2 protein chains.
Amino acid sequence: MGCGNWGTASSKLIAENAARHPEFDNTVRLWVLEEVFEGRKLSEIINTDHENKKYLPGIKLPHNLVGVPDMKECVQESDTFIIVLPHQFVKSTVRKMKEMGPIKPGSICISLVKGIELTGRDVVCFTETIEQELGIPCLALSGANVATNVAKEEFSEATIGYKEKEHALIFQKLFDRPYFKINCVPGVAAVQVFGAIKNVVAISAGFCDGLGLGSNTKAAIMRLGLNEICKFANKFFSEDCNKVVFESAGVADLITTCIGGRNVRCAAEFAKHQGKKSWTDIENEMLGGQKLQGTSTAEEVYNVLKANGIEAEFPLFVITYKIAYEGADPADLIRQFSVEAITPF
Amino acid sequence: MGCGNWGTASSKLIAENAARHPEFDNTVRLWVLEEVFEGRKLSEIINTDHENKKYLPGIKLPHNLVGVPDMKECVQESDTFIIVLPHQFVKSTVRKMKEMGPIKPGSICISLVKGIELTGRDVVCFTETIEQELGIPCLALSGANVATNVAKEEFSEATIGYKEKEHALIFQKLFDRPYFKINCVPGVAAVQVFGAIKNVVAISAGFCDGLGLGSNTKAAIMRLGLNEICKFANKFFSEDCNKVVFESAGVADLITTCIGGRNVRCAAEFAKHQGKKSWTDIENEMLGGQKLQGTSTAEEVYNVLKANGIEAEFPLFVITYKIAYEGADPADLIRQFSVEAITPF
């Protein structure tokens, strides 16, 4: 469900595996929100040229991958769903899926949606929303991988978070390729929390770069971020969230996100200008007006911490927010941790 | 014990804290293996100019730090020892310390020595060697920090591994500064294993760079390395070695070591030339003839794995060794993990 960049790249993986493993149907349906691109329907382009020219140009798609604009067909003919939608469309789309049902009994689902919902005092994973709406189990997949590189078959990894091992085994078989290795961990929340909140740490890491701090200082900030992500996940979800650290969705995704990427670059620019250049100006100059995820997530995380009265336990998230939005001096990022008093352990 | 670059930088920290905390003697003795530098004795330079002009030039040292060339005085007058020696001199120096004794009852010790001893089937930490020779408890300190930057008071962190919490509290107080934050974890082996074997992963990461692979592939290799370090530590030592991952001596040190540094740069050069350029040539060109630690550690780790018949459990360490020393194609680094078969979990 979803034929964007990541939706198309992941459906390519799945179609390759569906063709290899006899236990899967050969045909893989890619639900296409129909639109016209260069004078032709997108589903027609996908099915005739075997390429998603709008969202994943230059990548040949397997012939057993079929673009289907009819959501009813997708919902009624399938029993294994992969949700790859922009987060703002998840709820409305799965509601529509429900209306298009009935969904086959015994169906299962996995979410590749990036982000979590942070509103008021609550932290809600998209897997919860999907499970509630569709009434079927929903797993999560995340990791240090980028759609375009996966499509080009560059080696990377991903992590599946599960509650029932038997479901994970099915999705592992469906996603695992020689260039895309899958590990599975119990629990679905941590995989999603890491995927969302790593972007806040990327903002902190970018501030380090902008302040001209060395690699050991930056590594300290990334380490503190790793610990706060785990603490956050463990606080809001009942599963043991520390296992994911060792996986692609944990340490590997945090590393790539904090070393390069748009959040780091833009936050470095912000710190270089001592916060005097606005995020909007930076986004306009450096991202052609696209919006940063890390800053908005930093704000949402801060609001949730505040609503729960637990800001003091998350000094890195709090100072990152305050630098980004409340005019705190970027150098406070480090000053925060440079305290005279010894923390007894 | 040891007035090299790291010995001097860490004794500066300690002297600062000894002056602040009344429970410590004000005078901190820095044992100096006497030598002549620019026509003067090194201990005299340290005590007159308050600067170690040979090993840490440009850094002013506290006046309560005293260079002492007489090992007997250091041993007999102290009850808290910090060992900061090049690994090849540890055993002989602590033996000599023992001869210079008696060591005061109730004395404690901490090792800042980098590396572990890998010989035959055995993996021995320097803390074990030191404890055996001196007959006093020995803790370990390691982390993502570089002597010169610590001396310049750039913010970084370190981890103390301990068996008895009361000892850790003393050393935390002795090392912790606003620019050098200390966390403590139970167990001494993992802290040292990480400090040594991270350099092997840095070689693997350098191969990625040399092969022109993207950041997600490199992050996957670093993650696999992190997991193999933990597996290695847990296999050879009875303590729970996974806790250190969350600390400066764990994930932070691995990140800085694999992102920059000499091991990465030299390994990248090696892979670029498909292993046709020798390590000696690379060391001569890029390090002015100094020796790499990562390659020799890779060889020692491989020999220990082989002697124990457990190569199959450490695919990354093994392929890294084989590329470095047995002419394996650098691209095998990835091919190794790009297997058709699904690993059931």
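Because the structure is a prediction, the values reported are computed rather than measured.

J.: Can you break down the UniProt feature "binding site: substrate" (unreviewed entry) in chain A residue by residue, with the values?
T.: Residue and element names in this part refer to chain A. Under the local residue numbering, the UniProt record ascribes the feature "binding site: substrate" (unreviewed entry) to Lys114, Arg262 and Asn263. Within the annotated group, the residues that form the lining of the largest cavity are Lys114. For Lys114, the position within the fold is in the loop between β6 (108-111) and β7 (117-119). On the basis of relative accessibility, which here comes to 45%, the residue Lys114 falls in the partly exposed class. Not counting residues up to four positions away in its chain, the partners in contact with Lys114 are Trp6, His87 and Phe126. Inspection of the secondary structure assignment puts Arg262 in helix α11 (residues 262-272). According to the relative accessible area criterion, Arg262 is partly exposed, its value standing at 30%. Residues within four places of Arg262 in sequence aside, it is in contact with Leu287, Gln290, Lys291 and Leu292.

J.: Please provide a residue-by-residue account of the relation of the copies chain A and chain B, values included.
T.: One copy of the chain maps onto the other through a rotation about an axis plus a displacement along that axis. Each copy superposes on the other: chain A lies on chain B with an RMSD of 0.0 Å after a rotation of 180° and an axial shift of 0.0 Å. What the rotation and shift describe, once combined, is the action of a two-fold rotation axis. The overlap is high: 98% of the interface residues of chain A also sit at the interface in chain B, so the same surface is used on both sides.

J.: I'd like a description of the sheet that holds strand β11 (residues 180-186) of chain B, backed by residues and values.
T.: Sheets are built from strands that pair by backbone hydrogen bonding, the pairs being arranged parallel or antiparallel. All names here are of chain B. Across the sheet, which stays open at both edges, the five strands sit in the order β5-β6-β9-β10-β11 with mixed pairing between neighbours. Whereas interior strands pair on both sides, the edge strands pair on one side only; in this sheet they are β5 (80-83) and β11. Between one strand and the next, the sheet's axes are offset by a mean angle of 25°, whatever the strand orientation. Sheet analysis places β5 next to strand β6 (residues 108-111), joined by four bridges and oriented parallel. Note on β6: the bridge partner recorded for Thr80 is Ile108.

J.: Describe the environment of Ser78(B), with residues and values.
T.: Residues and elements named next belong to chain B. Summarising the element assignment, Ser78 is placed in the loop between α3 (71-77) and β5. Between the C-alpha atom of Ser78 and that of Lys104, which follows or precedes it by 26 residues, the distance is 7.4 Å. Aside from chain neighbours lying at most four places away, what touches Ser78 is Arg29, Lys104 and Ser107. A polar contact of 2.6 Å, which involves the side chain of Ser78, links it to the backbone oxygen of Cys74.

J.: Just give me the short version of the environment of Gln274(A), but keep the residues and values in it.
T.: All names here are of chain A. One can find Gln274 in the loop between α11 and α12 (279-287). Using a relative accessible area of 42% as the deciding quantity, one classes Gln274 as partly exposed. For the pair formed by Gln274 and Thr119, sequence separation is 155 residues and the distance between their alpha carbons is 29 Å. With residues up to four places along the chain from it excluded, the contact list for Gln274 reads Asp329 and Pro330.

J.: Please provide a residue-by-residue account of the UniProt feature "binding site: NAD(+)" (unreviewed entry) in chain A, values included.
T.: Residue and element names in this part refer to chain A. Residues given the UniProt feature "binding site: NAD(+)" (unreviewed entry) here are Gly2, Cys3, Gly4, Asn5, Trp6, Gly7, Phe89, Ala147, Arg262, Lys291 and Gln293. Considering the C-alpha atoms alone, the annotated residues occupy 292 residues of sequence and remain spread out, their largest mutual distance being 23.6 Å. Restricting the annotated residues to those that line the largest cavity leaves Trp6. Mapped onto the secondary structure, Gly2 falls in the segment before α1 (5-20). On the accessibility criterion, Gly2 (6% relative accessible area) is buried.

How each quantity is defined
Residues numbered from 1 in each chain as written. Chains lettered and ligands numbered in written order. Predicted model: local features only at pLDDT ≥ 70, side-chain atom pairs only at ≥ 80, totals over all residues. Heavy atoms only, no water. UniProt positions renumbered as here; feature names shortened; annotations may be inferred. 1 Å grid on protein atoms, 1.4 Å probe; cavity = no way out; pocket = protein on both sides within 12 Å on 5 of 7 lines; lining within 4 Å. Helix = DSSP H or I, 4+ residues; strand = E, 2+ residues; numbered from the N terminus. Buried < 20%, exposed > 50% of the residue type's maximum accessible area, 1.4 Å probe, protein only. Contact = heavy atoms within 4.5 Å. Least-squares fit on C-alpha atoms with pLDDT ≥ 70 in both. Pairing = 2+ DSSP bridges. Axes fitted to C-alpha atoms, helices over the stretch in contact; angles between N-to-C directions. Polar contact = N/O pair within 3.5 Å; in protein donor to acceptor, adjacent residues only side chain to side chain.

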